[in-house]
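Residue strings, one per chain:
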Amino acid sequence: MASLTKISDLEYLKLNKFQKIICCILRFFVSIPTKFANLFKKIGRGFKTAGLAVANEFKDICLTFVNGDWKTRISFVIMGFGSIARGQIMRGILFFLFEVVFIVYTALYGVYWIGKLTFKDLTPTSTQMAVTTVAGIDIETETVVYGDNTLQIMIYGVLSILFIICFIYTWRLNIKQNKLGQQYLKSGKKLKKAKDDLKSLLDDQFHKTVLALPVLGIVIFTVVPIILMIMVAFTNYDYNHTPPTNLFEWVGLDNFNQLVTWDNGTTGFAATFGELLCWTLIWAFFATFTNYFLGMLVAMAINKKGIKLKKMWRGILVLTIAVPQFVSLLYVSKMFADNGLINNKLMDMGIISQAIPFWTNPTMARVMVILINIWVGIPYLMLITTGVLMNIPADLYESARIDGANPVQQYFKITLPYMLFVTGPYLLTSFTANMNNFNVIYLLTGGAPYTLTDGAGKTDLLITWLYRLTVTNNQYNLAAVIGIMVFIVVALISLVVYNVMPSIKNEEDFQ
């Protein structure tokens, strides 16, 4: 077997299918150490490149100060001064106003919030009872005494740090503008005026104008929440430490240690996390590929020549996705309950004597959610693959038939390679989406049967367990840790699969 990893390409072509599969598997495992070595080399080169880039930036800043005129040097302290002095009034005013806003915010708020990020010597919000006398009658009133709020401190602290990073970037841009302005004037060129800047933003720099708002939205609504989730994973933010009355604090790696501790669920989550991770991967695999191949086969059957009423068949399938899943999945869940329509009918017909445990038996419940997901997912894939199938050149099939290829051979040699090439990126995103498919599991079973510890059920995915940890149990710290682990798993799978997809490796094959 070991010799299979060292054979030439010509010898590989002479192998039978089974030997080729064994050869590919052996080559994969043999190449793992080399791939890891290359990965570490790339990481090392990445750090080296980043270090050189930072060093070059510092060098350029120093040279700009040494070789710059007095206008440029003053701009190191007063942003925009050089631009204003050189006639670029609007650009200089914007730089100056940004610096003023930054100084005022940092002095009044930024230093305060960043200083509180240590979570030391904080005072929680509390209530105090006060007695006031009105017309000789003592009246007891409750007064709220506002203290610190660790959640607010974390949010505003992160925003303040990001604001500092934005200021550093803007300050560096200000220095570059002064350097370029000085060079332009020395070479006899004219600097852009405010009118030219506005025209540029609507012409050659229009892409920056259009992307400015979306990028800001991504930072506020995507980047900041991710940073906060990572920070929460290092705190004890749970039902016992909920601000503003009960403040949380930093606990280091305690939450990660709890996730990998194996002690039958008393304080560790390793057993539950391991089982749910395996089930999540199994679910994502079957939910993705059953829908993909069955949806493709349905599309091929409907598109086949001689099939009548094609629009009607497509319309019937689309009806299953036209109805909101909240309605259809809840209805299906009730149908297969112990006292639901299916069990009642089977017992009335004398086929069974007791209810089939569709949702109470762990194995059967997992099989059921996969089968019902096929019913929900096939119409989507049928619509997607229909468009792709129509674009496969008919000449390929005609040539295959002339060469004596049967329908099965045509499918594996023409249809499937073409479909995988075109829809490869969709398969990857579909697999990722199914790992976080909240609707199907939550609406069908809610995670039941609950035979696992730590508030998890046998049909729970990591995403539904995470939801229960946050909404029901208020264990935000452990939910954040699980969220990070899910991200790592999904990222690794995505990177590996993305780099081996035909769509990426052989981009020109079907052009």
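Computed from a prediction, not measured in an experiment: that's the story for all the values here.

Things to note about the layout of surface pockets
And then number 1: Looking at the largest pocket, its volume works out to about 1,600 Å³.
And then number 2: Lining the largest pocket are 33 residues; nearest its centre among them are Phe95, Tyr169, Leu173, Leu201 and Lys208.
And then number 3: Those elements that provide at least two residues to the lining of the largest pocket are helix 5 (89–116), helix 6 (150–186), helix 7 (194–201) and helix 8 (206–232).
And then number 4: The leading source of residues in the lining of the largest pocket is helix 6, at eleven residues.
And then number 5: Residues of the lining of the largest pocket, tallied by class, amount to 21 nonpolar, seven polar and five charged.

Section: the nonpolar core
And then number 1: In this structure, Trp283, Trp359, Val369, Leu444, Leu462, Trp465 and Ile482 are the most contacted members of the largest nonpolar core, which totals 59 residues.
And then number 2: By residue number, the principal contributor to this core is helix 19 (residues 476–500), which donates nine residues.
And then number 3: Those residues in contact with Ile482, other than ones at most four positions away along the chain, are Leu259, Phe273, Leu462, Trp465, Leu466 and Leu469.
And then number 4: Ala299, Ile302, Ile392 and Tyr411 belong to the second-largest nonpolar core, a separate cluster that totals 17 residues.

Points about the pattern of salt bridges
And then number 1: On inspection of all chains with the given rule, the structure shows ten salt bridges.
And then number 2: Close ionic contact of Arg86 with Asp69 constitutes a salt bridge, the shortest N to O distance being 3.0 Å. Taken together, the residues span a long stretch of sequence, with Arg86 in the loop between helix 4 (81–85) and helix 5 and Asp69 in the loop between helix 2 (17–67) and helix 3 (70–75) at a distance of 17 residues.
And then number 3: Its relative accessible area of 24% is what places Asp69 among the partly exposed residues.

Here we look at the side chain of Asp238
And then number 1: Residue placement: Asp238 occurs in the loop between helix 8 and helix 9 (254–259).
And then number 2: Of the buried charged residues, Asp238 lacks a salt bridge, with Lys120 as the closest side chain of opposite charge at 17 Å.

A short note on the environment of Phe95
And then number 1: Inspection of the secondary structure assignment puts Phe95 in helix 5.
And then number 2: The class for Phe95 is buried, based on a relative accessible area of 8%.

Topic: helix 18 (residues 462–471)
And then number 1: For helix 18, the buried fraction is high: seven of the ten residues fall into the buried class.
And then number 2: Here helix 18 has its buried residues at Leu462, Thr464, Trp465, Leu466, Arg468, Leu469 and Thr470.
And then number 3: Along its buried surface, helix 18 packs onto helix 10 (270–303), helix 17 (438–444) and helix 19.

Rules used in this analysis
- Residues numbered from 1 in each chain as written.
- Predicted model: local features only at pLDDT ≥ 70, side-chain atom pairs only at ≥ 80, totals over all residues.
- Heavy atoms only, no water.
- 1 Å grid on protein atoms, 1.4 Å probe; cavity = no way out; pocket = protein on both sides within 12 Å on 5 of 7 lines; lining within 4 Å.
- Points joined across faces, edges and corners; volume = space filled by probe spheres on them.
- Helix = DSSP H or I, 4+ residues; strand = E, 2+ residues; numbered from the N terminus.
- Nonpolar A, V, L, I, M, F, W, Y, C, P; charged D, E, K, R; others polar.
- Core = buried A, V, L, I, M, F, W, Y, C linked by side-chain atoms within 4.5 Å.
- Buried < 20%, exposed > 50% of the residue type's maximum accessible area, 1.4 Å probe, protein only.
- Contact = heavy atoms within 4.5 Å.
- Salt bridge = Lys/Arg side-chain N within 4 Å of Asp/Glu carboxyl O.
- Lys, Arg positive; Asp, Glu negative; His and termini not counted.

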